[in-house]
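Summary of structural features
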Amino acid sequence: MASHLFRKKSPDHLIAEAAAPERQMKRALGPFALTCIGIGAIIGTGIFALAGTAAAGEQLAASIWKTPILNFIQSWMSHAPLVFGRPGAGPAVMLSFVVAGVACGFAALCYAELASMIPVSGSAYTYSYATLGELIAWIIGWDLILEYAVGNMAVAVGWSGYFIRLCGSAHIPWLFPDGIKFPVWSVNDYATAKTIVSQGGEVLSNFSSATIPTIAGYPIALNLPALLIVAAVTTLLIYGIRESARTNNTIVIIKLAVVVFVISFGAFMIHPTNWHPFVPTGIGGVMSGAAIVFFAFIGFDAVSTTAEETKNPQRDMPIGIIASLIICTVLYVLMAAVITGARKYTTYFGDPAAVATAFAGYPWAQALISAGALAGITSVLLVFQLGQPRIFMAMARDGLLPQYFSKIHPKFRTPHITTIWTGVFVGGIAAVVDIGSLADLTNIGTLFAFILVCIGVVILRRTEANRPRPFRVPFSPIFPILGVIFCFVLMLSLPLETWIRFFVWLGIGLLIYFFYGVAHSKLRRGEDAGITEDQPPPLIKP
């Protein structure tokens, strides 16, 4: 039983499977498009919001469930009282971005090596199948749902919030003198709408109506903007990868222009005195800030899910992964320098829109920043909705999910079935649920994926030492091991409740695997056992 659970797939066989005629997708992506996909996934709400939170810190209630694991370890080792919450990094949030960027950099190098060796859709799931075995591959595939699907629910709700804010600032004297407003029930889930109505006050002026309608005695409230943007993105992704990439390229150019404007204009607002003291809470504050801003780096690995749609994956995948991460890290550090130099870092405590606050007094600049944030979130939605269906498709190809999900559209050559179901799942839940702290799972799931990818590089260097590597991680195994250490320390910086939810999520995934995946696994049944003689097994079965 154990030998089957940890049986691996040959990288050669994975590549041959992807080359089967009924599985082939349209190869339309080059290095520029891949870099834009990476930037599109990385630069979202993080660059506009998380820098302020990391700089000012978080104060949490005295609850062990919301306390980072690292705080327990520090208290146990130093015999000091347990500290609740996270200290702010202050102006040293610039260093926090560097630390988080370095941690992601080690993982990015490992992703680049594996993506160039195994240019197949599936990202860390596929790499784990080739290096660590089927059970670990299932765990990481199930885990990646946290990064893409669950994370995108929160992103869709965030997109809706920025859209409503932008519409509210659209003052058209002859048509919308007070801005474009919507009924409260049409732009919020029921729990949020009920809270807004019960609180009353000035916040209700942001809506055209504060009434929550009922049907058959049941109150109705839907976040329609979140649902509609997911539907629009899903439709675009079904239509074709080339069209999706072109749209993403345009959005990325727009939001990069806004980010460069913020940095350039904000440079004249910097007062160096605001940078003193530079490290007010010591190295602990810097590391705490790094754990917070890590959210802002999630997404560069989405590039690896498009391997089968890349013109020259062995060359272009490493370029797209590494270039996007370097560009975003530089922009993040400069943005952090601007907001902490423009205002005292303590100003941003509890502020979810730190960049807009830094430009208070410049309404036109705030409107431009909101538009840039909206563009940023749109591209994140696009790229994450692109990545998740391809992971489902890879798992279905292996029999771990029903074969229904492995179908490719005969005309558009996209995984239309999984794209549609991902859109229905993400859009439907985003319309009716306030995700809240569930989005924290995105962070721990991504870090866990990074750790397994780094381990995979070390294993393949021993088991497949002679396999051609168009890109090689330098100083291996030192860099992959450092990637494991950095990512694990950041995982320890997450709250206890996030760890508990993570293990519950993995438990549910293991139940699905043992009750369905084990019985239907093609590898276990010998259908996809890899190369057994001089020729690969038949790929197109009658």
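Here, the structure is the one placed above.
This write-up is about the structure you can find in this document.

The end-to-end C-alpha distance of helix 3 (residues 31-42), which contains 12 residues, comes to 16 Å, matching closely the 16 Å that a straight helix rising 1.5 Å per residue would cover. For helix 3, the tally of buried residues reaches 10 of 12 residues, placing the bulk of the element in the interior.

This next bit is on the packing of helix 10 (residues 224-239) against helix 16 (residues 416-432). For any two helices packed against each other, the geometry comes down to the angle between their axes and how far apart the axes lie. Viewed as axis vectors pointing N to C, helix 10 and helix 16 meet at an angle of 170°, and their least axial separation amounts to 8 Å. One element, helix 10, and the other, helix 16, form an angle in the roughly antiparallel class. Facing Ala226, Leu227, Val230, Thr234, Leu237 and Ile238 of helix 10, the residues of helix 16 in contact are His416, Thr419, Ile420, Gly423, Val426, Gly427, Gly428, Ala430 and Ala431.

Attention shifts here to the state of the cysteines. Here the structure, examined in full by the defined rule, presents zero disulfides. The thiol of cysteine 104 is not disulfide-bonded; the next cysteine sulfur, from cysteine 487, is found 6.7 Å away. Taking relative accessible area as the criterion, cysteine 104 reaches 0% and is therefore assigned buried.

Turning our eyes to something else, we now look at the packing of aromatic side chains. Taken as a whole, this structure holds 22 aromatic pairs when the rule is applied. When the centroid spacing of 5.1 Å and the interplanar angle of 65° are considered together, the rings of phenylalanine 106 and phenylalanine 479 count as edge-to-face. Taken together, the residues span a long stretch of sequence, with phenylalanine 106 in helix 6 (residues 93-117) and phenylalanine 479 in helix 18 (residues 478-492) at a distance of 373 residues. Centroid distance phenylalanine 475 to phenylalanine 479: 5.3 Å. Interplanar angle 55°. Geometry classified as tilted. Classification of phenylalanine 479 as partly exposed rests on a relative accessible area of 21%.

Examined against the element boundaries, serine 128 turns out to sit in helix 7 (residues 124-131). Beyond its immediate stretch of four places on either side in the chain, serine 128 contacts Gly133, Ile136, Ala137, Ile140 and Leu452.

Glancing now at the pattern of salt bridges. Counted by the stated rule, this structure contains four salt bridges. Arginine 461 is the salt-bridge partner of glutamate 113, the closest N and O atoms lying 2.9 Å from each other. Here glutamate 113, found in helix 6, pairs with arginine 461, found in helix 17 (residues 440-463); they are 348 residues apart in sequence, far enough to count as distant. Note on accessibility: glutamate 113 and arginine 461 belong to one class, buried. Where glutamate 113 meets arginine 469, a salt bridge forms, and the shortest distance between an N and an O atom there is 3.1 Å. One end of the pair, glutamate 113, is in helix 6; the other, arginine 469, is in the loop between helix 17 and helix 18, and 356 residues separate them in sequence. Arginine 469 matches glutamate 113 in its accessibility class, with the two residues each being buried. What you see here is one network of salt bridges that share partners, running through Glu113, Arg461 and Arg469.

Right, let's talk about unusual backbone geometry for a bit. Cis geometry is adopted by the peptide bond preceding proline 277, which originates at histidine 276 and carries an omega value of -5°. Among the secondary structure elements, proline 277 is positioned in the loop between helix 11 (241-266) and helix 12 (282-293). Each neighbour pair has its own omega, and for serine 476 with proline 477 the value is 10°, a cis peptide bond. Position of proline 477 among the secondary structure elements: in the loop between helix 17 and helix 18.

Cut-off values and rules
Residues numbered from 1 in each chain as written. Predicted model: local features only at pLDDT ≥ 70, side-chain atom pairs only at ≥ 80, totals over all residues. Heavy atoms only, no water. Helix = DSSP H or I, 4+ residues; strand = E, 2+ residues; numbered from the N terminus. Expected span 1.5 Å × (residues − 1). Buried < 20%, exposed > 50% of the residue type's maximum accessible area, 1.4 Å probe, protein only. Axes fitted to C-alpha atoms, helices over the stretch in contact; angles between N-to-C directions. Parallel < 35°, antiparallel > 145°, perpendicular 65-115°, else oblique. Contact = heavy atoms within 4.5 Å. Disulfide = S-S within 2.5 Å. Phe/Tyr/Trp six-rings, centres within 6.5 Å; stacked < 30°, edge-to-face > 60°. Salt bridge = Lys/Arg side-chain N within 4 Å of Asp/Glu carboxyl O.

From the geometry alone we can't say anything about function, so treat these as descriptive.
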